[in-house]
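Letter by letter, the chains look like this.
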Amino acid sequence: MRPAAETKDFRRDLVSLLPKLRRFAMTLTRNANDADDLVQEACERAITRSHLWNGEGRLESWVYAMTRNLWVDEIRKRKVRTGSGTVDALGHDELSIEPSAEKAVYANQLQKMILSMPEGLASVFLLVNVEGHSYRETADILGIPIGTVMSRLSTARLRLAAMISENTERRA
């Protein structure tokens, strides 16, 4: 059993990860309500299994991997129950990122662009470019080879650049 101080530190560190964890959950679920449920379930599991956290590596990576695994399990459950398992990314709640109106609009447009990419591309892009994880950490979190991370990241960057260019041309 962990000492009370370590448990308190673990929970404090977990709470500080919530904004990042929600962004990651959004790339997986494509829906604000599902993302919130996934974050809650991941936090509950992390707390109940905190004794399994060995303190090595980044807590963030451990929780992200747990979140991803929970989502994969949820997709499997949905496929069994309903024959589907994906939710359309367009037309759902948005994260409020920036108080400035112009920046908020641009941030929401970027978020929609990222979420419109296939799940594997969006998750890799978020983990590397937004959250700052290394390719190795991203590969470990998503359970894929590092070469796949590099390939998906390249594809995601090219797609995002093309979407931004197309969006800019439409405004002109």
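Treat the numbers as computed from the prediction; the structure is a model and nothing was measured.

A. Representation of the overall build of the protein in the model. Scanning the protein from terminus to terminus reveals 8 helices and 0 strands. Listing each helix as α and each strand as β along the protein from the N terminus yields α-α-α-α-α-α-α-α. Sorting the 172 residues of the protein into buried and exposed places 40% on the buried side. Long-range pairs, those at least 24 residues apart, make up 67% of the contacts in the protein with a sequence separation of at least 6. Roughly 10,000 Å² of accessible area belongs to the protein as shown, and the carbon and sulfur atoms make up 54% of that amount.

B. Quick peek at the environment of Arg-45. With respect to the helices and strands, the residue Arg-45 is situated in helix H3 (residues 32–48). A relative accessible area of 27% means that Arg-45 is categorised as partly exposed. Separated by 22 residues in sequence, Arg-45 and Thr-67 have C-alpha atoms that sit 9.1 Å apart. For Arg-45, the residues in contact, after removing those within four places along its chain, are Met-66 and Leu-70.

C. Representation of unusual backbone geometry in the model. The backbone of Arg-30 shows a phi angle near 65 degrees, a positive value even though the residue is not glycine. Within the secondary structure layout, Arg-30 lies in the loop between helix H2 (18–29) and H3.

D. The pattern of salt bridges, seen in detail. According to the stated counting rule, one finds 11 salt bridges in the structure shown. Among the salt bridges present, the one from Glu-60 reaches Arg-58, with a minimum N-O distance of 3.2 Å. Under the relative-accessibility criterion, Glu-60 is labelled buried at 7%. Each of Lys-20, Arg-58, Glu-60 and Glu-137 takes part in salt bridges that share partners, so that together they form one network.

E. Focus on the packing of aromatic side chains. In this structure the tally under the stated criterion is 3 aromatic pairs. Aromatic pair Phe-10 and Trp-62: ring centres 6.2 Å apart, planes at 70 degrees, arrangement edge-to-face. Of this pair, Phe-10 sits in helix H1 (residues 4–16) while Trp-62 sits in helix H4 (residues 59–82), placing them 52 residues apart in sequence. A relative accessible area of 5% places Phe-10 in the buried class. Aromatic ring contacts, followed pair by pair, group Phe-10, Trp-53 and Trp-62 into a single cluster.

F. Focus on the packing of H2 against H3. Axis separation between H2 and H3 bottoms out at 8 Å; the angle between their running directions is 125 degrees. The angle between H2 and H3 falls in the class oblique. Of the two elements, H2 crosses H3, and the hand of that crossing is right-handed. Every residue of H3 that contacts H2 at Leu-18, Leu-21, Arg-22, Ala-25, Met-26, Leu-28 and Thr-29 is listed here: Ala-32, Asp-34, Ala-35, Asp-36, Leu-38, Val-39 and Cys-43. When the residues that make up the contact of H2 with H3 are grouped by side-chain class, the tally is 10 nonpolar, 1 polar and 3 charged.

G. View of the nonpolar core. Membership of the largest hydrophobic core comes to 41 residues, with the highest contact counts inside it found for Phe-24, Val-63 and Leu-142. Of all elements in the fold, only H1, H2, H3, H4, helix H5 (101–116), helix H6 (119–130), helix H7 (135–142) and helix H8 (146–171) reach the threshold of two or more residues within this core.

H. Highlighting the confidence of the model for the protein. Counting all residues, the mean pLDDT for the protein is 83, and 81% of those residues have values of 70 or more. Across residues 84–98, where pLDDT falls below 50, the model places 33 contacts with residues more than four positions away in sequence or in other chains.

I. Up close: the packing of H6 against H7. Across the interface, H6 lies against H7 with an axial gap of 10 Å and an inter-helix angle of 140 degrees. Classified by the interaxial angle, the pair formed by H6 and H7 is oblique. Handedness of the crossing formed by H6 with H7: right-handed. Contact residues: H6 offers Ser-123, Val-124, Leu-127 and Val-128, while H7 offers Tyr-135, Thr-138, Ile-141 and Leu-142. Within the contact of H6 with H7, the residues separate by chemical class into 6 nonpolar, 2 polar and no charged.

Conventions and cut-offs
- Residues numbered from 1 in each chain as written.
- Predicted model: local features only at pLDDT ≥ 70, side-chain atom pairs only at ≥ 80, totals over all residues.
- Heavy atoms only, no water.
- Helix = DSSP H or I, 4+ residues; strand = E, 2+ residues; numbered from the N terminus.
- Buried < 20%, exposed > 50% of the residue type's maximum accessible area, 1.4 Å probe, protein only.
- Contact = heavy atoms within 4.5 Å.
- Areas by Shrake-Rupley, 256 points an atom, 1.4 Å probe, with all protein chains shown as cover.
- Salt bridge = Lys/Arg side-chain N within 4 Å of Asp/Glu carboxyl O.
- Phe/Tyr/Trp six-rings, centres within 6.5 Å; stacked < 30°, edge-to-face > 60°.
- Axes fitted to C-alpha atoms, helices over the stretch in contact; angles between N-to-C directions.
- Parallel < 35°, antiparallel > 145°, perpendicular 65-115°, else oblique.
- Left-handed = near helix turned anticlockwise from the far one by under 90°.
- Nonpolar A, V, L, I, M, F, W, Y, C, P; charged D, E, K, R; others polar.
- Core = buried A, V, L, I, M, F, W, Y, C linked by side-chain atoms within 4.5 Å.
- pLDDT = per-residue confidence, 0-100.

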